Amino acid sequence: MINADGGETMPTLGKLMSLNIARPISVRHGSKEVQTGIFKQPAGRPLELSKTGLEGDAQADLVNHGGADKAVCVYPFAHYDFWEKELGAALAFGAFGENFTVSDLDERSLCIGDTVHVGTTLLQVSQPRQPCFKLGLKHGRQDLPDLVQLLGYTGFYFRVLREGKVAEGDELILERRHPEGMTIAEANRLQYRDKSDINGMKRLLGIAELSDSWRKSFEFRLAGLQA
């Protein structure tokens, strides 16, 4: 796109509809209590975003959630209508434990390694989101994480390249499309469906911006296939 001054205009992907945060709480899971930060609520105000996440937000399981590669969990509002029908209930922002509820995009809209401006921050797509049992616990559906993966309605994670402030209504503006062009949807395909696609895995592993956890997982799988 070219602007009126003859320079290139960066495309707008969508808008930040809601900023959602939560502190971990204890909830019943069978015969035991588990700690979880999945019960996100709209903050209703601008928030500072650091390398490790939004102010006022926290995760209970720091092995599988949070950290530099998973600083911001993002979920497309485009999927909400489907899930309201599937779950038989109206869903509030943050229903999938996401920090950013975003409009006008989905897993086909962004690629691993893409960089995006939001507010005064610069963010980078690091991996798809992998829902755990706590999402099913939140909605009373044990099968929900598997269904999310099967459908590819996973959402994704940003890492923070430049800290700053974000607010509801901020546009998500694409700064740079990664030259490999592997979408979040394509990465999900390799993870959940075509698990023996060696060429696809090699292509994914060739993306330096892929998160460490996904890199280790795919390196292990690829080694097993090639053994």
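Please refer to the structure placed before this passage.
Residues numbered from 1 in each chain as written. Predicted model: local features only at pLDDT ≥ 70, side-chain atom pairs only at ≥ 80, totals over all residues. Heavy atoms only, no water.

**Student:** So what exactly am I meant to see when it comes to the nonpolar core here?
**Tutor:** Judged by nonpolar contacts, the single largest core of 37 residues is most densely connected at Phe100, Leu110, Phe158, Leu172 and Leu204. When residues in this core are grouped by element, the largest group, four residues, is from strand E1 (residues 12-21). Not counting the four nearest positions on each side in its chain, Leu172 is found in contact with Pro11, Thr12, Leu13, Gly14, Lys15, Leu16, Val102, Leu105, Val116, His117, Val118 and Phe158. By size, the runner-up hydrophobic cluster in this structure holds eleven residues, among which are Tyr75, Ala95, Phe96 and Val148. (Core = buried A, V, L, I, M, F, W, Y, C linked by side-chain atoms within 4.5 Å. Buried < 20%, exposed > 50% of the residue type's maximum accessible area, 1.4 Å probe, protein only. Helix = DSSP H or I, 4+ residues; strand = E, 2+ residues; numbered from the N terminus. Contact = heavy atoms within 4.5 Å.)

**Student:** What am I meant to see in the packing of aromatic side chains here?
**Tutor:** We describe a pair of aromatic rings using the distance from one ring centre to the other and the angle between the two ring planes. Taken as a whole and judged by the stated rule, the model has eleven aromatic pairs. Ring plane angle 55 degrees and centroid distance 6.4 Å describe the contact between Tyr75 and Tyr80, whose orientation is recorded as tilted. For the pair Tyr75 and Tyr80, a shared accessibility class is recorded, and that class is buried. Between Tyr80 and Phe96, the aromatic rings sit 6.1 Å apart at their centres with planes inclined by 65 degrees, giving edge-to-face as the arrangement. Of this pair, Tyr80 sits in helix H1 (residues 80-87) while Phe96 sits in the loop between H1 and strand E8 (100-102), placing them 16 residues apart in sequence. Exposure class is identical for Tyr80 and Phe96. Each is buried. (Phe/Tyr/Trp six-rings, centres within 6.5 Å; stacked < 30°, edge-to-face > 60°.)

**Student:** I'm lost on the pattern of salt bridges in this one. Help?
**Tutor:** Think of it this way: side chains of opposite charge can pair up when their charged atoms draw near. Tallied over the full model, the rule gives 14 salt bridges. Between Arg141 and Glu86 there is a salt bridge; the shortest N-O distance is 2.9 Å. Of this pair, Arg141 sits in the loop between helix H2 (133-139) and helix H3 (144-151) while Glu86 sits in helix H1, and the two are 55 residues apart along the sequence. When its relative accessible area of 33% is taken as the criterion, Glu86 is described as partly exposed. When the shortest N-O distance is used, the salt bridge between Asp114 and Arg177 registers 2.5 Å. Of this pair, Asp114 sits in the loop between E8 and strand E9 (115-118) while Arg177 is found in the loop between strand E13 (171-176) and helix H4 (184-192), placing the two residues 63 residues apart along the sequence. Owing to a relative accessible area of 0%, Asp114 belongs among the buried residues under this scheme. Residue Arg177 is classed as partly exposed on the basis of its relative accessible area, which comes to 37%. (Salt bridge = Lys/Arg side-chain N within 4 Å of Asp/Glu carboxyl O.)

**Student:** What am I meant to see in the packing of H4 against helix H5 (residues 198-205) here?
**Tutor:** When two helices pack together, their arrangement is given by the angle between their axes and by how far apart the axes lie. It is the contact of H4 with H5, at a shortest axis distance of 10 Å, that shows an interaxial angle of 130 degrees. It follows that H4 is oblique to H5 by the angle criterion. In the crossing of H4 with H5, the sense of the turn from one axis to the other is left-handed. Residues Glu186, Ala187 and Leu190 of H4 lie in contact with H5, whose contacting residues are Gly200, Met201, Arg203 and Leu204. (Axes fitted to C-alpha atoms, helices over the stretch in contact; angles between N-to-C directions. Parallel < 35°, antiparallel > 145°, perpendicular 65-115°, else oblique. Left-handed = near helix turned anticlockwise from the far one by under 90°.)

**Student:** What is the right way to read the sheet that holds strand E6 (residues 53-54) from this model?
**Tutor:** Whenever strands of a sheet pair, they do so through backbone hydrogen bonds, lying parallel or antiparallel. Across the sheet, which stays open at both edges, the three strands sit in the order E6-E5-E12 with antiparallel pairing between neighbours. Two strands bound the open sheet, and with one partner strand each, they are E6 and strand E12 (164-166). (Pairing = 2+ DSSP bridges.)

**Student:** I'm lost on the environment of Thr101 in this one. Help?
**Tutor:** Inspection of the secondary structure puts Thr101 in strand E8. Sequence-wise, Thr101 and Ala187 are 86 residues apart; in three dimensions their C-alpha atoms are separated by 21 Å. The contacts of Thr101, once residues within four sequence positions are left out, are Lys15, Leu16, Met17, Ser18, Asn20, Tyr75, Phe77, Tyr80, Phe93 and Gly94.

**Student:** Is there a simple way to explain H4 in this structure?
**Tutor:** Helical geometry: 3.6 residues make up each α-helical turn, so side chains three or four residues apart lie on a common side. Most of H4 sits inside the fold, with seven of its nine residues counted as buried. What H4 keeps buried is the set Ile184, Ala187, Asn188, Arg189, Leu190, Gln191 and Tyr192. Buried residues along H4 sit against strand E10 (121-128), H3, strand E11 (156-162), H5 and helix H6 (212-226).

**Student:** I tried to follow the packing of H4 against H6 on my own but got confused; where do I start?
**Tutor:** Interaxial distance between H4 and H6 falls to 12 Å at its minimum, and their mutual angle equals 45 degrees. Taken together, the axis directions place H4 and H6 in an arrangement best described as oblique. Handedness of the crossing formed by H4 with H6: left-handed. Packed against H4, whose contacting residues are Ala187, Asn188, Leu190 and Gln191, the element H6 presents Trp214, Ser217, Phe218 and Arg221 at the interface. Class assignment of the residues belonging to the contact of H4 with H6 gives a composition of four nonpolar, three polar and one charged. (Nonpolar A, V, L, I, M, F, W, Y, C, P; charged D, E, K, R; others polar.)

Remember, this is a structural readout, not a statement about activity or role.
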